[in-house]
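Here is what each chain is made of, one letter per residue.
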Amino acid sequence: MLRHWIQTTALLCLLVCAPLQATEPLATRDQALIDAAVAAMPYGAGDAPALYVVGVAGDAAEDVFRNEVRFLAERVAPRLGADARALALVNHIDSLKGAGTPLATESNLQHALAALGAHMDRERDVLLLYLTMHGSPDHALGLALPDGSEDTITPDALRAALDASGIVNRVVVISACYSGGFVPALKDPDTLVLTAARPDRPSFGCGSESTITFFGHAWLLDGLNADRDFANAYRSAARAIKQRERKLGYERSGPQIAAGARIGETLSRWQATLPAEPPPAVYPYPIAP
């Protein structure tokens, strides 16, 4: 409750005491930040796929989503050989401070994917897109911005943005309730889709007191620390989540996986380029037992 009051007070200060930029200038700032970040990303070398990472934290009211995307961009991406090829879109009050971080809006996601598509080798390289936020039973991902405005990402809109980017090889991971509803729209021979839940089930671990979701803990942290193969990490994560939900008496969330016919071979060629096993990525926030 105290943290929520502090966040609310700080947000009011940003909105009232120090005038927040109008929507258009803020959008212009975000596109410039995205363009600069993508332009600074090193290109892949040789014929092997290079990995590019985009993390999207959707709800400014809860630290948990920002935490996961920051961890992905700063600690997981280097461990996956992406190094500086990582971009974060984050709805959080922190994103309005200093130089800023691009907000997680549908237009910013479209812009980021288009910029990456123009920068990377779209036929050779691999995109890892990780979205963490609330999801609804009608299969929309919620975007709640620091100023209180809201938007959504639908399965068709996400597929359209990915297709418009021209990026062929995709790993799309959605940590949200009812996220299995995105699988039909995203399935493709060159795509691996991982979701935290079935189309008709919630997932767990969000909330103002949480620092990491169940799926983020099981896949992003424990799974990828144990195995940098995305599908193998998913399989161990699904087992861990099932055991945790059973222990707590929760309804099973039922994480989902859909692997296209060609993406496995592409990911194998990418994995072959990874350096020897680096130290585990350490989560920089306290995790409740």
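Predicted model only: the values in this text are computed from it and were never measured.

Draft legend 1. The environment of I167, seen in detail. In this structure, I167 sits in the loop between α5 (155-165) and β6 (169-175). Given the relative accessible area of 1%, I167 is considered buried. Considered as a pair, I167 and G81 are 86 residues apart in the sequence and their alpha carbons are 19 Å apart. Excluding anything up to four places from it in sequence, I167 contacts L113, L116, G117, M120, R122, L127 and L162.

Draft legend 2. Structural view of empty space enclosed by the protein. Summed over the entire model, instances satisfying the criterion amount to one cavity of 30 Å³ or more. Along its surface, the largest cavity is lined by F65, M133, H134, S175, A176, C177, S203, F204, G205, C206 and T213. A breakdown of the residues in the lining of the largest cavity according to their chemical character gives six nonpolar, five polar and no charged.

Draft legend 3. Molecular detail of the packing of aromatic side chains. Under the defined criterion, the tally for this structure stands at nine aromatic pairs. A ring pair is formed by F204 and Y250, whose centres lie 4.7 Å apart and whose planes are at 40°; its orientation type is tilted. Of this pair, F204 sits in the loop between β7 (191-195) and α7 (214-226) while Y250 sits in the loop between α8 (230-248) and β8 (256-259), and the two are 46 residues apart along the sequence. The exposure class of Y250 is partly exposed, given its relative accessible area of 37%. Their ring planes at 15° and their centres at 6.2 Å tell us that F215 and W219 sit as a pair that is stacked. A residue pair is termed a helical-turn pair when its members lie 3 or 4 positions apart in one helix, as F215 and W219 do in helix α7 at four residues. Residue classification places F215 among the buried positions, given a relative accessible area of 2%. Put simply, the rings of Y130, F215, W219, F230 and W270 pair up and form one aromatic cluster. Lying across the ring of Y52, R85 places its NZ or CZ 5.3 Å from the centre. A cation over an aromatic ring shows up here: R244 above the ring of F214, its NZ or CZ 3.7 Å from the ring centre.

Here is what the cut-offs are and how they apply
- Residues numbered from 1 in each chain as written.
- Predicted model: local features only at pLDDT ≥ 70, side-chain atom pairs only at ≥ 80, totals over all residues.
- Heavy atoms only, no water.
- Helix = DSSP H or I, 4+ residues; strand = E, 2+ residues; numbered from the N terminus.
- Buried < 20%, exposed > 50% of the residue type's maximum accessible area, 1.4 Å probe, protein only.
- Contact = heavy atoms within 4.5 Å.
- 1 Å grid on protein atoms, 1.4 Å probe; cavity = no way out; pocket = protein on both sides within 12 Å on 5 of 7 lines; lining within 4 Å.
- Points joined across faces, edges and corners; volume = space filled by probe spheres on them.
- Nonpolar A, V, L, I, M, F, W, Y, C, P; charged D, E, K, R; others polar.
- Phe/Tyr/Trp six-rings, centres within 6.5 Å; stacked < 30°, edge-to-face > 60°.
- Lys NZ or Arg CZ within 6 Å of the ring centre and 35° of its normal.

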